[in-house]
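Breakdown of the fold
What follows is each chain in one-letter form.
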Amino acid sequence: MVLKAFFPTCCVSVDSGLLVGRWVPEHSSAVVLAVLHFPFIPIQVKQLLAQVRQASQVGVAVLGTWCHCRQEPEESLGRFLEGLGAVFPHEPWLQLCRERGGTFWSCEVTRRQAPDAPSAPGEDQVMLIFYDQRQLLLSQLHPPTVLPDRQAGATPASTGGLAAVFDTVARSEVLFRSDRFDEGPVRLSHWQSEGVEASILAELARRASGPVCLLLASLLSLVSAVGACRVFKLWPLSFVGSKLSTCEQLRHRLEHLTLIFSTRKAENSAQLMRKANTVASVLLDVALGLTLLSWLHGRSRIGHLADALVPVADHVAEELQHLLQWLMGAPAGLKMNRALDQVLGRFFLYHIHLWISYIHLMSPFVEHILWHVGLSACLGLTVALSLLSDIIALLTFHIYCFYVYGARLYCLKIHGLSSLWRLFRGKKWNVLRQRVDSCSYDLDQLFIGTLLFTILLFLLPTTALYYLVFTLLRLLVVAVQGLIHLLVDLINSLPLYSLGLRLCRPYRLAAGVKFRVLQHEAGRPLRLLMQINPLPYSRVMHTYRLPSCGCHPKDSWGALCRKLFFGELIYPWRQRGDKQD
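Here the residue index of a chain counts from 1 through its sequence in written order. Thresholds applied to this predicted model are a pLDDT of at least 70 for local features of residues and 80 or more for the giving and counting of side-chain atom pairs; totals over whole chains, interfaces and linings are not thresholded and use all residues. Working from all heavy atoms in the structure, the side-chain values ignore hydrogens and water.

Here we take up a nonpolar patch on the surface. To count toward a patch, a residue needs a relative accessible area over 30% and no salt bridge; like charges are then connected within 9 Å, while nonpolar side chains (Val, Leu, Ile, Met, Phe, Trp, Tyr) are connected within 5 Å. Note on areas: these come from Shrake-Rupley sampling with a 1.4 Å probe, and a residue is covered only by the protein chains present in the view. Whenever Lys or Arg places a side-chain nitrogen within 4 Å of a carboxyl oxygen from Asp or Glu, that contact is recorded as a salt bridge. A cluster of nonpolar side chains, Phe447, Ile448, Leu451, Leu452 and Ile455, forms an exposed patch at the surface whose accessible area comes to about 500 Å². Counting from the N terminus, the helices are the DSSP runs of H or I reaching at least four residues and the strands are the DSSP runs of E reaching at least two. Locating Leu451 in the fold gives a position in helix α14 (residues 443-493). Type-normalised accessible area, obtained with a 1.4 Å probe on protein chains alone, sets the label of each residue: buried when under 20%, exposed when over 50%, and partly exposed for intermediate values. Look at Leu451 and you get partly exposed, because its relative accessible area is 46%.

So, on to the confidence of the model for the protein chain. On a scale of 0 to 100, pLDDT captures the predictor's confidence in every residue. For the protein chain, per-residue confidence averages 80 on the pLDDT scale, and 82% of positions sit at 70 or higher. Taken together, the stretch residues 115-122 has pLDDT below 50 and engages in 0 contacts with residues farther than four places along the chain or on a different chain. The contact definition used throughout considers only heavy atoms, calling two residues in contact when any of these lie within 4.5 Å. With pLDDT under 50 throughout, residues 145-158 is counted as low confidence; its partners more than four residues away or in other chains account for 17 contacts.

The next subject is the UniProt feature "transmembrane region" (unreviewed entry) in the protein chain. Listed under "transmembrane region" (unreviewed entry) in the UniProt record, and renumbered for this structure, are residues 343-361, 373-405, 446-469 and 475-499. Along residues 446-469, the helical share is 100% and the strand share 0%, with 34 Å between the first and last C-alpha atoms. Helix makes up 92% of residues 475-499 and strand makes up 0%, while its end C-alpha atoms are separated by 35 Å. UniProt positions are given in the numbering used here, feature names are shortened, and annotations may be inferred rather than shown by experiment.

Walk down a regular strand and you will see the side chains alternate between the two sheet faces. Taking burial as the measure, the 9 residues of strand β3 (residues 29-37) include 9 buried ones, the bulk of the element. Two strands form a pair only when DSSP identifies at least two bridges running between them. In this sheet, β3 lies alongside strand β1 (residues 2-8) in parallel orientation, the contact comprising 3 bridges. Its bridge partner lying in β3, Phe6 is registered against Val31. Bridge count for strand β2 (residues 17-24) against β3 is 8 bridges, and the pairing is antiparallel. The residue bridging Leu19 from the neighbouring strand is Val35, located in β3. Pairing analysis gives 2 bridges linking β3 to strand β9 (residues 188-189), with the strands arranged antiparallel. Its bridge partner being in β9, Leu36 is matched across the sheet by Leu188.

Angles here are taken between N-to-C directions and fall from 0 to 180 degrees, while the axes themselves are lines fitted to C-alpha atoms, restricted in helices to the stretch in contact. Where helix α10 (residues 338-362) contacts helix α13 (residues 397-424), the axes come no closer than 10 Å and their chain directions differ by 155°. Considering their axes alone, α10 and α13 lie roughly antiparallel with respect to each other. As for how α10 packs across α13, the hand of that crossing is right-handed. Contacts between α10 and α13 involve Leu340, Leu344, Phe347, Phe348, His351, Ile352 and Trp355 from the first element and Phe397, His398, Phe402, Tyr405, Leu409 and Lys413 from the second. The residue classification treats Ala, Val, Leu, Ile, Met, Phe, Trp, Tyr, Cys and Pro as nonpolar and Asp, Glu, Lys and Arg as charged. All others, Gly included, are polar. Across the contact of α10 with α13, the residue classes break down as 10 nonpolar, 2 polar and 1 charged. Each angle receives one of four descriptions, namely roughly parallel if under 35 degrees, roughly antiparallel if over 145, roughly perpendicular if within 65 to 115, and oblique otherwise. If you view the pair so one helix is near and one far, a crossing is left-handed when the near helix is turned anticlockwise from the far one by less than a right angle, and right-handed when it is turned clockwise.

Moving on, we come to unusual backbone geometry. Across the junction of Phe38 and Pro39, the peptide omega takes the value -5°, indicating a cis bond. Relative to the elements of secondary structure, Pro39 occurs in the loop between β3 and α1 (42-56). A positive phi angle is found at Ser28, which is not glycine, with a value near 50°. The class of Ser28 is buried, set by a relative accessible area of 14%. Phi is positive for Gln57, close to 60°, though the residue is something other than glycine. Exposure remark for Gln57: the relative accessible area of 58% places this residue in the exposed category.

Next up on the list: the pattern of salt bridges. Across all of its chains, the model carries 5 salt bridges by this definition. The partner of Asp285 in a salt bridge is Arg253, and the shortest N-O contact between them spans 3.1 Å. Separated by 32 residues along the polypeptide, Asp285 in helix α8 (residues 269-296) and Arg253 in helix α7 (residues 245-260) bring together distant segments of the chain. For the pair shown, Asp285 and Arg253 are each scored as buried.

A word on the packing of aromatic side chains. A pair of aromatic rings is counted whenever rings of Phe, Tyr or Trp (Trp by its six-membered ring) have centres within 6.5 Å, and the orientation is called stacked for planes under 30 degrees apart, edge-to-face for over 60 and tilted otherwise. Applying the stated rule across the entire model yields 16 aromatic pairs. When the centroid spacing of 5.4 Å and the interplanar angle of 20° are considered together, the rings of Phe38 and Phe40 count as stacked. Residue class for Phe38 comes out partly exposed when judged on its relative accessible area of 24%. Taking the centre distance of 5.5 Å and the plane angle of 65° together, the rings of Phe347 and Phe348 count as edge-to-face. In textbook terms, an aromatic cluster arises when at least three aromatic residues are bridged by ring pairs, as seen for Phe347, Phe348, Phe402, Tyr405, Tyr466 and Phe470.

Taking 1.5 Å as the rise per residue, α1 with 15 residues should run 21 Å; its terminal C-alpha atoms sit 21 Å apart, in good agreement. Buried within α1 we find Val45, Leu49, Val52 and Ser56. Burial along α1 is one-sided: seen end-on, the buried residues are contained in an arc of 60°. Within α1, the exposed residues directed more than 90 degrees away from the buried face are Gln51, Gln54 and Ala55. Two residues or fewer after α1 comes Gln57, characterised by a positive phi angle close to 60°. Here a helix's expected span is defined as the number of its residues, less one, multiplied by 1.5 Å. Think of the arc as the fan of directions from the helix axis to the C-beta atoms.

See the structure below:
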């Protein structure tokens, strides 16, 4: 049988003593956590181990002895270490020794109970695996494996032993809180034995964060209560609030701030990582927003933008007028229905005239509006971008109206033609059963149907051309707003803290381990060095990506093309499942 002994690299040069750790019988593995040095009183050692077991729920015990021969080996020390097996009985008992010079290692396994079947001596082979205790303690194995002693169910053998090692070191943190400066009766060597890692600033921040978080959580709950007031649920306010991207982003940021300043302690590492990623996302958002704010208010850039906005709006309106005049003629040499062409062209030209009047009426207030928009960047770049998306939607509202008019008229003719085509074939649409049934029509119905079908068929090219042009303009506006929303979703969902850990401390996010052979000689235990394989960046993004508030289209490309062909609204204001406009 091959016995695997995991030994921390921080203990390879310490003095002789006892091996303290956990024995995992399912995988024949011994995880050494610390070395207990002489002198000690056995009853105090047993009390310490009992306290560690109670606090960490890990079966910590004395696994064997550790002998570091700095000089010539003494026979009395060897006999003394062998005799400790009677004081701290454990099955099996490890005797790990590093000989003088540090080149040769020896490891023996002693079993006091006789095996069931006779076997030759030396059947147990020892594999000595060195690991970095600090990295293993701070790392998190992905995907997290459920251990048998925590939840019912078997763990795969390929990952169960490795997960048991990670879990043992992580849950035995209470054992690493003592160092050589403590005046306790027991002296241990582990990764913090030279001094416990701590920071005065971090401790002060941790103690001050409690009252601050409690105060801010109270303020955020007050803001949430005001937002949930019945006044804001009335029809005009609720409708406008559900359609504006700025309101959605503010609600999303309010949820983030509530999570950050919550006084509830994270139950597991996943919740802790999510809170850290949320803090990093909010800080990045505010930093980018303040940068944008300083850029806008420097060198009178807001005034320059206000002076350039009205001429740009006039230029867009003029180009739309030229486009409509082109459509009212013979576009690309196509023969259009002149009466319908003139009616539609004058109807849309009148809307453009109203829009130009509205722009010139609002021109004195443009600079003040832009100033307040720039001031909203102090809440974060995502709020400013959401507000920019809403402004684009308001500035292109006439294009949206043109698209809706053209789509509704085109959709009406498509449905009329499909119904009349069923009339020719002696069919009709059964509304109750939602299917096409056979039907007999008389001569008058067939004559009127033929007449209407001919009229709609010859008017369809004119309507389809207007619908095509305004659909392309609508898609252009939607593409610009989609790019803005993609940038907002990227900032909202970017796991910046996890990516920083992967870049600066890759061992914190472990995808697995790899082993490097240190020594492989006959008659000596195989020595391996266990190193952590970091999680790839793609899996970091997939695992720790934060939820965003973006409204992504649920339709596929095929469904989108079908909607465009039949004249359905591609991005209606009402969500799918509600009654359409």
